[in-house]
Amino acid sequence: MKFPLYFALIVIGLVSCTEQRKTKTTLVSKIDHLDKFAVNFKENYSNTFQFNSKDLDTFYFLNSHKSIWINDSLQLNNRGEDFIKIISNARAYGLDPKKYSIDSINVSILKLQKLNKIGKRIDIATLLEKQLTTSYFKFGKHLNYGIIENIDSITTLTRKEFTIDLPKYLEESYKKDSVINYLLKLQPQHEMYQSLQNGLETYLQNASFSKANNKVISFRIDSVQSYKQARNSLVLHNYLSKNSNELEFDKALKKFQKDHGLKPDGVIGKNTAIALSKSPYYFYQSAAVSLERWRWKQPWKEHYIFVNIPSYKLRIKLHDTLQ
């Protein structure tokens, strides 16, 4: 009877030791990865893939060369994923995702997902960290100041100065764990800008990005031809399907008119025909240019008078109320 009991105690002891070793090995491995990445990033920061960015150097000096986009598993953290969604969707802000190295960033992400060797993963994670921070500074400045550096040949408008210390701004927003919110706050806060930006984002959710266009004439010139042309244009603009009926056409035309600031009467008049003749890309570009011009402007005073010439409206801003 003693032998089975003794044998059982040995088995239990072996299982217990094995579990302890498994737990201990997992923890050590995880800590080793973190330590190696931290050391590698600090030592090879200036040697791996030179970016020649003063802002980049300043930020990581302030941040003691800590990673802000990479997690414990040498993958993108939530902050990094959110930022990539923002720059991937840069058109919603009238900007081009390619300006923020989105293609090369996605290549680095794929490499990071496929590589198994820790040394290689650390190298790619170091590159990706620097790519994202560089894109942050470029995107942040464009949101606040605009893309075009010199506007003297374009307008007589007095341009605001770019006074934001982006490395310090990023460091402060990182400490507050609010990097993405602070990034979007760099945009002009005027309600006209905000309304336009939100409208463009909504427009891009459903609209085509095509540069093609269809010539549309007024119904007064030829009602049958005008109807056919308008139908083709509404299909191009994603307001209508090819097999839609008469009722659906009427609804789509009125929605197009309303979305483009026209009287939604369902009539293909001169102004509606002109709008339908333009490409979807034209409307995107018009909004993008308007957002760019807003970024050049000095912040408005607390009280002001705003005149909207096309709509024949005058509004007065007193305190926080627009009347």
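Whatever comes next refers back to the structure up there.
Predicted, not measured: the structure shown is a model, and the values here were computed from it. (Residues numbered from 1 in each chain as written. Predicted model: local features only at pLDDT ≥ 70, side-chain atom pairs only at ≥ 80, totals over all residues. Heavy atoms only, no water.)

Novice: How should I be thinking about the overall build of the protein chain in this particular structure?
Specialist: Per the secondary structure count, the protein chain includes twelve helices and three strands. The burial tally for the protein chain puts 38% of its 323 residues in the buried class. For the protein chain, restricting intrachain contacts to residue pairs at least 6 apart in sequence, the fraction spanning at least 24 positions comes to 60%. As displayed, the protein chain offers around 20000 Å² of accessible surface, 54% of which is attributable to carbon and sulfur atoms. (Helix = DSSP H or I, 4+ residues; strand = E, 2+ residues; numbered from the N terminus. Buried < 20%, exposed > 50% of the residue type's maximum accessible area, 1.4 Å probe, protein only. Contact = heavy atoms within 4.5 Å. Areas by Shrake-Rupley, 256 points an atom, 1.4 Å probe, with all protein chains shown as cover.)

Novice: I would appreciate a short explanation of the packing of helix H4 (residues 102–114) against helix H5 (residues 118–145) in the present structure.
Specialist: Packed helices, taken two at a time, are described by the angle their axes make and the gap between the axes. Put simply, H4 and H5 touch, their axes get as near as 9 Å, and they point 155 degrees apart. Taken together, H4 and H5 sit at an angle that is classed as roughly antiparallel. At the point where H4 passes H5, the crossing takes the left-handed sense. Side by side, H4 and H5 meet where Ser-104, Ile-105, Ser-108, Ile-109, Lys-111 and Leu-112 of the first sit next to Arg-121, Ile-124, Ala-125, Leu-127, Leu-128, Gln-131, Leu-132 and Ser-135 of the second. When grouped by side-chain class, the residues that make up the contact of H4 with H5 number eight nonpolar, four polar and two charged. (Axes fitted to C-alpha atoms, helices over the stretch in contact; angles between N-to-C directions. Parallel < 35°, antiparallel > 145°, perpendicular 65-115°, else oblique. Left-handed = near helix turned anticlockwise from the far one by under 90°. Nonpolar A, V, L, I, M, F, W, Y, C, P; charged D, E, K, R; others polar.)

Novice: Looking at this structure, I do not really get the side chain of Ser-108. What am I missing?
Specialist: Residue placement: Ser-108 occurs in helix H4. Those residues in contact with Ser-108 that sit more than four places away from it in its chain are Ile-124, Leu-127, Leu-128 and Gln-131.

Novice: Can you walk me through helix H6 (residues 166–175) in this structure?
Specialist: Along an α-helix, a turn takes 3.6 residues, which lines up residues three or four apart on a common side. Where H6 is concerned, the buried positions are Leu-166, Pro-167, Tyr-169, Leu-170, Glu-171 and Ser-173. Buried residues along H6 sit in contact with helix H2 (54–62), H5 and helix H7 (179–184). Of the residues flanking the end of H6, it is Asp-177, one or two places downstream, whose phi is positive at about 55 degrees.

Novice: Would you mind showing me how to read the packing of aromatic side chains here?
Specialist: In this description, a pair of aromatic rings is defined by centroid distance and the angle of the planes. Scanning the model with the defined rule gives 16 aromatic pairs in all. Between the aromatic rings of Phe-59 and Tyr-60, the centroid separation amounts to 4.9 Å while the plane-to-plane angle is 70 degrees, which identifies the pairing as edge-to-face. Take Phe-59 and Tyr-60: they sit in the same class, and that class is buried. Judged by centre distance (5.3 Å) and plane angle (90 degrees), the rings of Phe-209 and Tyr-281 are edge-to-face. Separated by 72 residues along the polypeptide, Phe-209 in the loop between helix H8 (191–206) and helix H9 (223–236) and Tyr-281 in helix H12 (residues 280–296) bring together distant segments of the chain. (Phe/Tyr/Trp six-rings, centres within 6.5 Å; stacked < 30°, edge-to-face > 60°.)

Novice: Would you explain unusual backbone geometry in this entry?
Specialist: Among all residues save glycine, negative phi is the norm, and among peptide bonds the norm is trans. With a phi angle near 55 degrees, Ser-101 is a residue other than glycine that sits in the positive phi range. Tracing the backbone shows Ser-101 in the loop between helix H3 (78–88) and H4. Residue class for Ser-101 comes out partly exposed when judged on its relative accessible area of 34%. In this structure, Asn-238 is a non-glycine residue whose phi angle is positive, near 65 degrees. Along the chain, Asn-238 turns up in the loop between H9 and helix H10 (246–259). On the basis of relative accessible area, Asn-238 is assigned to the partly exposed category, the value being 46%.

This is a description of form; function is not addressed.
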